[in-house]
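Tertiary structure, described
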There are 2 protein chains.
Amino acid sequence: MTLTDVDIAQAHTLEPITEIADRAGIPADALIPYGTTKAKVDITRLDDTAPTGKLVLVTGISPTPAGEGKSTVLIGLTDGLARLGVKAAAALREPSQGPVMGIKGGAAGGGYSQIVPMEEINLHFTGDFHAIAAATNTLAALIDNHIQQGNALGIDPRRVTWQRCLDVNDRALRSVITGLGGPVHGTPRETGFTITAASEIMAVLCLATGLEDLKRRIESITVGFTYDQRPVTAGELGGTGALAALMKEAINPNLVQTLGGTPAYVHGGPFANIAHGCNSLIATRVALQHADVVCTEAGFGSDLGAEKFLDIKARSGDLDVAGAVVVATIRSLKYNGGVAREDLTTENLDALKAGVVNLARHVSNIQQFGITPVVALNLFTSDTTAEREFMRTWAKDFQVLLAEAEVWAKGGEGAEELARTVLDNLTGTSTQLYDPARGVEKSIETIAKRIYRAGAVEYSPKALKDLQLIRDNGWDDLPVCISKTQYSFSDDPTALGAPSGHTLHVRELLPRTGAGFIVALTGAVMTMPGLPKKPAADNIDIGADGRISGLF
Amino acid sequence: MTLTDVDIAQAHTLEPITEIADRAGIPADALIPYGTTKAKVDITRLDDTAPTGKLVLVTGISPTPAGEGKSTVLIGLTDGLARLGVKAAAALREPSQGPVMGIKGGAAGGGYSQIVPMEEINLHFTGDFHAIAAATNTLAALIDNHIQQGNALGIDPRRVTWQRCLDVNDRALRSVITGLGGPVHGTPRETGFTITAASEIMAVLCLATGLEDLKRRIESITVGFTYDQRPVTAGELGGTGALAALMKEAINPNLVQTLGGTPAYVHGGPFANIAHGCNSLIATRVALQHADVVCTEAGFGSDLGAEKFLDIKARSGDLDVAGAVVVATIRSLKYNGGVAREDLTTENLDALKAGVVNLARHVSNIQQFGITPVVALNLFTSDTTAEREFMRTWAKDFQVLLAEAEVWAKGGEGAEELARTVLDNLTGTSTQLYDPARGVEKSIETIAKRIYRAGAVEYSPKALKDLQLIRDNGWDDLPVCISKTQYSFSDDPTALGAPSGHTLHVRELLPRTGAGFIVALTGAVMTMPGLPKKPAADNIDIGADGRISGLF
């Protein structure tokens, strides 16, 4: 019988979180326990010392349906570093609860490279997503109430851009009409719900440096426009102090442990397309203040998560990235080389050769930021000796650092070679790709040409109008957050491998003045997932003893 | 300068929750800390012994805009009992977060009779309401997904009765159309959101005896009807194990403390009109297993909360009520006697005499359940000597037990006389008013005539149709939960005092097959509040040190 992730996690005896905190160097009076195996770290009780740890950014090749195991490698790597005697910590995103009910899966690693307690991390955790939803939906209520109570600001109900959110996969909430039922029940208007991870307040939480900065960012959120097209901020509505008060606990990073007993800060989980896709800046900083090496991840491949990590999060938080890992699997490279999903377990050196260009492109992208990446080849049992040999030769030929890792089955022990290679190459001093002061159009062009290797950028009429609006309102110097398919370097999800010379089509630009970036939409982006025909919820159960089954 | 509730609460030094738990008799291994001053009690780690404590039900006269201070008296009384050397505990409802942002106020007592940490109890607390909302909204997503994915059960989208919920005061969500945007985004249908306290899952949580019973009740929820008018249950949709798993932590009662250091179980908060309005049965049972005297409250007056406590919760949970307190204030009695709100602080013995009939009716109602109530006269500084003397004489003349209490200003010390009177009269053995086996119509008639003192009950054509549906589906033996205005014994909110001979108008009957009762609507019931012109959120703020201000 094959053990599932939840079986492995439940069979493990967790250390008390007080011991993990002690090992992490978190003072006891700053620890807020949530049960005995998870806690929050009270940032108001920490000294604000300069971070001294080295930061390792874990990214991956372009995602494929085969799965790359980026979080699993990150967790195994952190445990591998700890096994080498390094004071290591992981900084990770919190999983979204909606998808847990939808498609089997989560974001707590896998096998013997997991963060635990995995059931609690995947279900509610310490309530951060709920706090974000409460703040998001209270802001929505304040907007509609303002309109209802006389609309002193002259908000145009047709131009309210703020959406409600829920951490539930629910396609029926994508597009709704609210305020029906007559005059005492509000003004009917078209709107929608996103999943909580897509709320701007999630991005705000993840970029804030503290409570005051959080409040300032919430005040700066653009919620819509007046009848005469003037932007309206949350600050103008009032109630932003209450929204920040709702985030009092959520702003504190969560501390849990890996199966290897290494401290893991798991905090915040913004989308990696319409937002920047990394855990909170506060968690990363706290980790860097207390550990010598911190492994952190960014969503999707180097073109999305890593670029945004460096150009948005690292810029905003003054972070330096010392090393990087690009996670790849032989299966995913073959998929990028054109092999169908069902044939991925068959040896195919031609496909591997065709697909490895995708990896090379991601390696090159990371190098552009001044960092020397290590390729982590996440091994699967179907990988053949010849395929592994091909990868080693490829790395040697192209002077790329590569280490195999076997993290699902072996945990930290399977990542020791990777850990050593990473440790030996923590030499980078990361830079940013573009200067936002040159304007949104220039920033988009730079990312498109240098990271996506596009030949040109085209703006739709709507996007050109948005660009004018951005300039008119003084937002043209904000960094950009490009929302693009994760499956390709181009905006065409079927263009696998390493396309170049394509045209990037910018459809629409969304000001995210609280988060402090401009989102550039280049394709349809789904901010509220749906449930599949047979939802994962069907398999989940709980016994009278409180034991959860079927979660993964 | 007058101290506000939050000032008093923040100036107080809380005892560690571990010490409160120790005093309460909760074993250390059953305590799940949420920070250092609040915790959950893991019911899977408690022995299921028969409760041995005596239960005191705190109810009140018909609520008025003047405020009666029912929770404040309850908390003061519990501290008063503790001061007399009694091993006492309070069992209370959790406050709803939506109204905290709307109208100044909360449900954590007041002055020196509060439960603390009040900011955390009022904002998110331990996440129970969010868990209930997650389960409620996941069930809604499963319903719409079932319809989307082929609709094997033949659910009529026009007859889905299940509503989503949020713990936000948001009138714009009362009536909405979901599923817009075309075929891939669902089937458009009219629906609405309630506030979380009004979700049937809240009522289910509050009546469940444990995880298995919770799951069985969730499975039994009627979510709508098929095209051929057959009821559809949540159990038929699948995913109910996942919904119960989402409630894994929420089912455990929360333990906090009063300002007097007495244990307080604060768990669950269902509406007192469309639901039964009492804290969870589990919390009450745990309190009764560990304390000698437990003070618990029911929503609104004896006609609503207390009747439902006894006929729904006590029946379902096999609870015996040993004593009762009816909270009254001189101001509220004068309001019931016809005095305008702005004149309530002026002495008016005629109005007091006219209004005291309301109190007499509530006392008589409680007596019908086999309990001898004590009237708690909650003193205000505006009460005059003559008015207090009138009340004492009235009590003597009508052989009613009465004790003055000064709980806001003096805490438990101000409730010692009340505590002694209650202790001396814990002689009751409570009964139920009606036998549900005689049918919904008979149950409604019994409550209407004996508690509301109505002369007759009239059913609307819709209600008659609902009654037939209830009989056809075998639900006719469920207890009834009458939704009626809290301001009057009749269904006319302006008929103050003690009206009798009126006609109760039943408009509609709603099967709540998970909670296990039939809701009878007798007037318009608002299950989603709105925000006022100047929301309380405007005054709430948080400092860089995490200190919340302006909450009350």
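Bear in mind the structure is a predicted one, so any value in this text is a computation, not a measurement.

Conventions and cut-offs
- Here the residue numbers are simple positions, counted from 1 along each chain's written sequence.
- Chain labels run from A onward and ligand labels from 1 onward, assigned in the order the entries are written.
- Given that the model is predicted, a residue must reach a pLDDT of at least 70 before its local features are reported, and side-chain atom pairs must reach 80 or more before they are shown or counted; all residues, however, enter totals for whole chains, interfaces and linings.
- Water and hydrogen atoms play no part in the side-chain values, which are based on all heavy atoms of the structure.
- Each helix is a run of DSSP H or I of at least 4 residues and each strand a run of E of at least 2, with the numbering of both proceeding from the N terminus.
- When accessible area is computed with a 1.4 Å probe and restricted to protein chains, residues below 20% of their type maximum are described as buried, those above 50% as exposed, and intermediate ones as partly exposed.
- Any two residues having at least one pair of non-hydrogen atoms within 4.5 Å are treated as being in contact.
- Per-residue and other accessible areas follow the Shrake-Rupley method at a 1.4 Å probe size, with only the shown protein chains counted as cover for residues.
- Charged residues are defined here as Lys and Arg on the positive side and Asp and Glu on the negative side; His and the ends of the chain fall outside this count.
- Here the site of a charge means atom NZ of a Lys, CZ of an Arg, CG of an Asp or CD of a Glu.
- A pair of strands is treated as paired once DSSP finds two or more bridges between them.
- Axes here refer to lines fitted to C-alpha atoms; in helices the fit is confined to the stretch in contact. Angles between the N-to-C directions go from 0 to 180 degrees.
- Here a pair means two rings of Phe, Tyr or Trp (six-membered ring of Trp) with centres within 6.5 Å. Their orientation is stacked below 30 degrees between planes, edge-to-face above 60, and tilted elsewhere.
- Both a distance and an angle decide whether a charge sits over a ring: NZ of Lys or CZ of Arg must be within 6 Å of the ring centre and within 35 degrees of the ring normal.
- In this description, the arc belongs to the directions extending from the helix axis to the C-beta atoms.
- Copies overlap after least-squares fitting; the atoms used are the C-alpha atoms of residues with pLDDT of at least 70 in both.
- Grid points spaced at 1 Å and placed over the protein atoms alone form the basis of the search, with a cavity being a set where a 1.4 Å probe fits but cannot get out and a pocket an open set showing protein on both sides within 12 Å along at least five of seven lines. Lining residues have an atom within 4 Å of a point.
- Grid points are joined across faces, edges and corners, and a volume is the space filled by probe spheres set on the points.
- Amino acids outside the nonpolar list (Ala, Val, Leu, Ile, Met, Phe, Trp, Tyr, Cys, Pro) and the charged list (Asp, Glu, Lys, Arg) are all regarded as polar, and Gly is one of them.
- UniProt positions are given in the numbering used here, feature names are shortened, and annotations may be inferred rather than shown by experiment.
- Buried area: the sum, over both parts, of the accessible surface (1.4 Å probe) that disappears when the two are put together.
- For this document, the term salt bridge refers to a Lys or Arg side-chain nitrogen within 4 Å of an Asp or Glu carboxyl oxygen.
- By the criterion applied in these results, polar contacts are pairs of N or O atoms within 3.5 Å in which, for protein atoms, one can donate a hydrogen and the other can accept it, and in which residues neighboring in sequence qualify only through two side-chain atoms.
- Helix span, as expected, comes to 1.5 Å for every residue beyond the first.
- Relative orientations are named as follows: roughly parallel for angles under 35 degrees, roughly antiparallel for angles over 145 degrees, roughly perpendicular for angles from 65 to 115 degrees, and oblique for any other angle.

As a further point, take the overall build of chain A. The number of helices and strands found in chain A is 19 helices and 26 strands. Considering only C-alpha atoms, chain A reaches an extent of 70 × 55 × 50 Å along its principal axes. Evaluated residue by residue, chain A yields a buried proportion of 65% over its 552 residues. For chain A, the share of sequence-separated contacts (at least 6 apart) that also reach a separation of at least 24 residues comes to 75%. Element-wise, carbon and sulfur atoms account for 49% of the exposed surface of chain A, whose accessible area totals about 18,300 Å². Between the mean site of the 49 positive side-chain charges and the mean site of the 62 negative ones, chain A shows a separation of 3 Å.

Quick look at the sheet that holds strand E12 (residues 222–226) of chain B now. Whenever strands of a sheet pair, they do so through backbone hydrogen bonds, lying parallel or antiparallel. Residue and element names in this part refer to chain B. Spatial strand order, E7-E12-E13: three strands in an open sheet with antiparallel pairing. The sheet is open, and its two edges are formed by strand E7 (155–160) and strand E13 (231–233), each paired on a single side. Between one strand and the next, the sheet's axes are offset by a mean angle of 50 degrees, whatever the strand orientation. Here E7 pairs with E12 via two bridges, running antiparallel. Bridge pairing links Val160 to Gly224 in E12. Packed onto the sheet, helix H6 (residues 128–148) meets E7 and E12 and runs at close to 135 degrees relative to E7.

This next bit is on the packing of aromatic side chains. The tally for this structure, following the rule as stated, stands at four aromatic pairs over all chains. Seen from the ring of Phe489(A), Arg361(A) lies directly overhead, with NZ or CZ sitting 5.0 Å from the centre.

Residue and element names in this part refer to chain B. Three or more residues of helix H17 (residues 416–423) are buried, namely Leu418, Ala419, Thr421 and Val422. Taken down its axis, H17 places every buried residue within 165 degrees of arc, on the same side. Summarising the contacts, the buried residues of H17 are in contact with strand E3 (54–60), helix H3 (70–83), strand E17 (321–328), strand E18 (373–378) and strand E19 (401–405).

Here we take up the sheet that holds strand E23 (residues 508–512) of chain B. Residue and element names in this part refer to chain B. In spatial order, the strands read E21-E24-E23; together these three strands make up an open sheet with mixed pairing. Of all strands in the sheet, those with a lone pairing partner are strand E21 (480–483) and E23, marking the two edges. On average, each strand axis in the sheet is tilted by 25 degrees relative to the strand beside it, whichever way the strands run. Inspection of the sheet shows E23 paired to strand E24 (residues 517–521) by five bridges, in the antiparallel sense. When the bridges of E24 are listed, Leu510 appears paired with Val519. Contacting E21 and E24, helix H12 (residues 302–317) runs over the sheet at an angle of about 170 degrees to E21. Across the sheet, helix H19 (residues 461–472) is in contact with E23 and E24; its angle to E23 comes to roughly 30 degrees.

When chain B is fitted to chain A, the best match, at an RMSD of 0.0 Å, comes from turning it 180 degrees and sliding it 0.0 Å along the axis. A rotation of that kind, with that shift, is consistent with a two-fold axis.

By rolling a water-sized probe across the atoms, one finds the places where empty space is left. For the structure on display, the rule yields 10 cavities of 30 Å³ or more. In this structure, the largest cavity spans a volume of roughly 420 Å³. Contributing to the lining of the largest cavity are 31 residues, with Thr126(A), Gly127(A), Phe125(B), Thr126(B) and Gly127(B) lying nearest its centre. Among the residues forming the lining of the largest cavity, the class breakdown is 13 nonpolar, eight polar and 10 charged. There is about 160 Å³ of room inside the second largest cavity. Here the lining of the second largest cavity is built from residues that sort into eight nonpolar, six polar and two charged.

With that out of the way, let us pick up the UniProt feature "binding site: ATP" (unreviewed entry) in chain A. All names here are of chain A. In this numbering, the UniProt entry assigns the feature "binding site: ATP" (unreviewed entry) to Thr64, Pro65, Ala66, Gly67, Glu68, Gly69, Lys70 and Ser71. In this structure, Pro65 sits in the loop between strand E3 (54–60) and helix H3 (70–83). Discounting residues that sit within four places of it in the chain, Pro65 has contacts with Tyr335 and Arg341. Its location among the elements puts Gly67 in the loop between E3 and H3. With sequence-adjacent residues up to four places away left out, Gly67 is seen in contact with Thr329, Arg331 and Ser332.

Residue and element names in this part refer to chain B. Checked against the element boundaries, Arg217 lands in helix H8 (residues 211–219). In this structure Arg217 comes out as buried when scored by relative accessible area, which is 9%. For Arg217, the contacting residues outside a window of four places in its chain are Val204, Leu207, Ala208, Ser316, Gly514, Ala515 and Gly516.

This brings us to the interface of chain B and chain A. By a frequent convention, interface size equals the accessible area lost on bringing the separate parts together. Taken residue by residue, the interface counts 69 residues in chain B and 69 residues in chain A. Carbon and sulfur atoms supply 64% of the area that chain B and chain A bury against each other, a total of about 5,600 Å² over both sides. Taken together, chain B and chain A are joined by six salt bridges. Measuring nitrogen to oxygen at the nearest pair gives 3.9 Å for the salt bridge that ties Glu120(A) to Lys248(B). Taken together, the connections running from chain B to chain A amount to 33 residue pairs in polar contact (both at pLDDT 80 or more). Taken together, the elements giving at least two residues each to the side of chain B that touches chain A come down to strand E1 (31–33), helix H4 (97–102), H6, strand E8 (164–166), strand E9 (176–178), H8, helix H10 (240–246) and strand E25 (541–542) of chain B. Residue composition of the side of chain B that touches chain A, grouped by class: 33 nonpolar, 22 polar and 14 charged.

What follows deals with the pattern of salt bridges. Under the criterion given, the structure shown has 68 salt bridges over all chains. Linking Asp170(A) and Arg164(B) is a salt bridge whose minimum nitrogen-to-oxygen distance equals 2.9 Å. Highlighted residues: Asp170(A) in the loop between strand E8 (164–166) and strand E9 (176–178) and Arg164(B) in strand E8, drawn from two different chains. Accessibility expressed as a relative area gives 1% for Asp170(A), which makes it buried. Residue Lys534(B) is joined to Asp538(B) by a salt bridge in which the shortest nitrogen-to-oxygen separation is 3.4 Å. Three or more residues joined by partner-sharing salt bridges are found here, namely Lys38(A), Glu120(A), Lys248(B) and Glu249(B).

With that settled, the discussion passes to helix H6 (residues 128–148) of chain A. All names here are of chain A. Between its terminal C-alpha atoms H6 stretches 30 Å, which fits the 30 Å expected from 21 residues at 1.5 Å a residue. For H6, the buried fraction is high: 20 of the 21 residues fall into the buried class. Backbone geometry just after H6 places Gly150 at a positive phi near 115 degrees.

With that settled, the discussion passes to the environment of Gly455(A). By the element assignment, Gly455(A) lies in the loop between helix H18 (440–450) and strand E20 (456–459). Expressed as a C-alpha distance, the spacing of Gly455(A) and Glu190(A), which sit 265 residues apart in the sequence, is 38 Å.

A few words now on the packing of H3(A) against helix H17 (residues 416–423) of chain A. All names here are of chain A. Here H3 crosses H17 at 75 degrees, and the two axes come no closer than 8 Å. Regarding the angle of H3 to H17, the classification is roughly perpendicular. For the pair H3 and H17, contact is made by Val73, Leu77, Gly80, Leu81 and Arg83 and by Glu416, Leu418, Ala419, Val422 and Leu423, respectively. Split by residue class, the contact of H3 with H17 holds seven nonpolar, one polar and two charged.

All names here are of chain B. By the secondary structure assignment, Thr345 is in the loop between helix H13 (330–336) and helix H14 (349–367). With relative accessibility at 48%, the residue Thr345 sits in the partly exposed group. Sequence separation between Thr345 and Ala198 is 147 residues; the distance between their C-alpha atoms is 35 Å. Non-local contacts of Thr345, meaning those with residues more than four positions away in its chain, are made with Lys334 and Ser382.

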